[in-house]
Amino acid sequence: MTTGTGKVTCDLTITLDGYAAGHNQSEQRPFGDDGGDGWGDRLHAWYVEGPEKHPEISRMMTAKAFIMGRNMFGPVRGEWDREWNGWWGDNPPYHGSVFVLTHHPRDPQPMDGGTTFYFVTDGIEAAMKRAREAAGDGDISVHGGATTVNQYLAAGLINEMRLHIVPFTLGAGTRLFDGVPPLNLEQVYSRSSDSAQHVTYRVLP
């Protein structure tokens, strides 16, 4: 499923001890106990500094199709008993097809700017197949959160990891690599700033 021209990547901000979010995530605190305001103000402070200081930002949304877990899409649990179209307003930044992993069916949700959310109930490989069809020869981004990235890493379906490591620890929460078997990685990019270490690894067979 990853044999097309495009790569399958992930792009994730993590603390020094590997956490992408804290415990107790909610609609009021999407990143939970994240060491800041619960909205990632500390975790993603580097991103707010903009692409002039962090050129890595400019490539985060260049994929032609995206995959995300339901927890990243929003706080609604169980059946879709309320209208929820994501955290990003009427014009999300994806401008393409986004495949949301869920156990509960829902009709596709088109948004302004060319984004359409599709809700996939038959697992990570089915979502990857649909993303590959949508992306054609373009890249696919497994956009998060860490639990979804871990599933794809464990299944051997990610080619490249782009990590943004921020200089503090959380000690608990949702952690990258939990449940993932040992990986062989090749570092292909690294850049330091005061607010983050940007590292890209190729996942080797």
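Here goes a summary of the coordinates provided. Everything numeric in this text was worked out from a predicted model, so none of it was measured.

About the criteria used
Residues numbered from 1 in each chain as written. Predicted model: local features only at pLDDT ≥ 70, side-chain atom pairs only at ≥ 80, totals over all residues. Heavy atoms only, no water. Helix = DSSP H or I, 4+ residues; strand = E, 2+ residues; numbered from the N terminus. Rg over C-alpha atoms; globule rule 2.2 N^0.38 Å. Buried < 20%, exposed > 50% of the residue type's maximum accessible area, 1.4 Å probe, protein only. Contact = heavy atoms within 4.5 Å. Areas by Shrake-Rupley, 256 points an atom, 1.4 Å probe, with all protein chains shown as cover. Lys, Arg positive; Asp, Glu negative; His and termini not counted. Charge placed at Lys NZ, Arg CZ, Asp CG, Glu CD. Phe/Tyr/Trp six-rings, centres within 6.5 Å; stacked < 30°, edge-to-face > 60°. Lys NZ or Arg CZ within 6 Å of the ring centre and 35° of its normal. Pairing = 2+ DSSP bridges. Salt bridge = Lys/Arg side-chain N within 4 Å of Asp/Glu carboxyl O. Polar contact = N/O pair within 3.5 Å; in protein donor to acceptor, adjacent residues only side chain to side chain.

1. With respect to the overall build of the chain
Stage number 1. Assigned secondary structure in the chain consists of four helices and eleven strands.
Stage number 2. Against the compact-globule benchmark of 17 Å for 205 residues, the chain has a radius of gyration of 16 Å, which places it among compact chains.
Stage number 3. Overall, the chain is about 45 × 40 × 35 Å in size when its C-alpha atoms are taken along their principal axes.
Stage number 4. Expressed as a percentage of the 205 residues in the chain, the buried residues total 46%.
Stage number 5. In the chain, the proportion of contacts linking residues at least 24 apart, taken out of those at least 6 apart, comes to 61%.
Stage number 6. In the form shown here, the chain has an accessible surface area of approximately 9,900 Å², with 49% of it arising from carbon and sulfur atoms.
Stage number 7. Placing the 17 positive and 25 negative side-chain charges of the chain at their respective mean positions leaves the two points 4 Å apart.

2. Focus: the packing of aromatic side chains
What characterises a pair of aromatic rings is the spacing of the ring centres plus the angle enclosed by the ring planes.
Stage number 1. For the structure on display, the rule yields twelve aromatic pairs.
Stage number 2. Relative to Phe117, the ring of Trp88 lies with its centre 6.0 Å away and its plane at 25 degrees, an arrangement referred to as stacked. Taken together, the positions of Trp88 in the loop between helix H2 (70-73) and strand E4 (97-101) and Phe117 in strand E6 (residues 116-120) put the pair 29 residues apart, joining distant regions of the chain.
Stage number 3. With a relative accessible area of 24%, Trp88 lands in the partly exposed category.
Stage number 4. Both rings, one in Phe99 and one in Tyr118, keep their centres 5.3 Å apart while their planes meet at 20 degrees; by these two values the pair is stacked. In this pair, Phe99 sits in strand E4 while Tyr118 sits in strand E6, placing the two residues 19 residues apart along the sequence.
Stage number 5. Of the residues examined, Phe99 reaches a relative accessible area of 3% and is grouped as buried.
Stage number 6. The structure contains a cluster of three or more aromatic residues connected by ring pairs, namely Phe66, Phe73, Trp80, Trp88, Tyr94, Phe117 and Phe119.
Stage number 7. Cation over ring: Arg59 sits above Tyr189, and NZ or CZ is 5.2 Å from the ring centre.
Stage number 8. Geometry around Trp80 places Arg70 over its ring, the cationic atom sitting 3.7 Å from the centre.

3. Details of the pairing of E6
Side-chain positions along a regular strand alternate between the two faces of the sheet.
Stage number 1. Of all five residues making up E6, four are buried, and the element is well covered by its neighbours.
Stage number 2. Two strands pair when backbone bridges link them, and strand E5 (residues 109-110) and E6 are joined in this way by two bridges, in the antiparallel orientation. Within E6, the residue paired with Gln109 across the bridge is Phe117.
Stage number 3. Hairpin geometry of E5 and E6 is characterised by an intervening segment of five residues between the two adjacent antiparallel strands and by a positive phi of about 80 degrees at Gly113.

4. With respect to the side chain of Arg106
Stage number 1. Position of Arg106 among the secondary structure elements: in the loop between E4 and E5.
Stage number 2. There is no salt bridge for the buried Arg106, and the closest opposite charge comes from Glu83, which lies 6.2 Å off by N-O distance.
Stage number 3. Engagement of the side chain of Arg106 in a polar contact is seen with the backbone oxygen of Trp84, the distance being 2.7 Å.
Stage number 4. A distance of 2.9 Å separates polar atoms of two side chains, one belonging to Arg106 and the other to Asn85.

So yeah, pure geometry; function would need other evidence.
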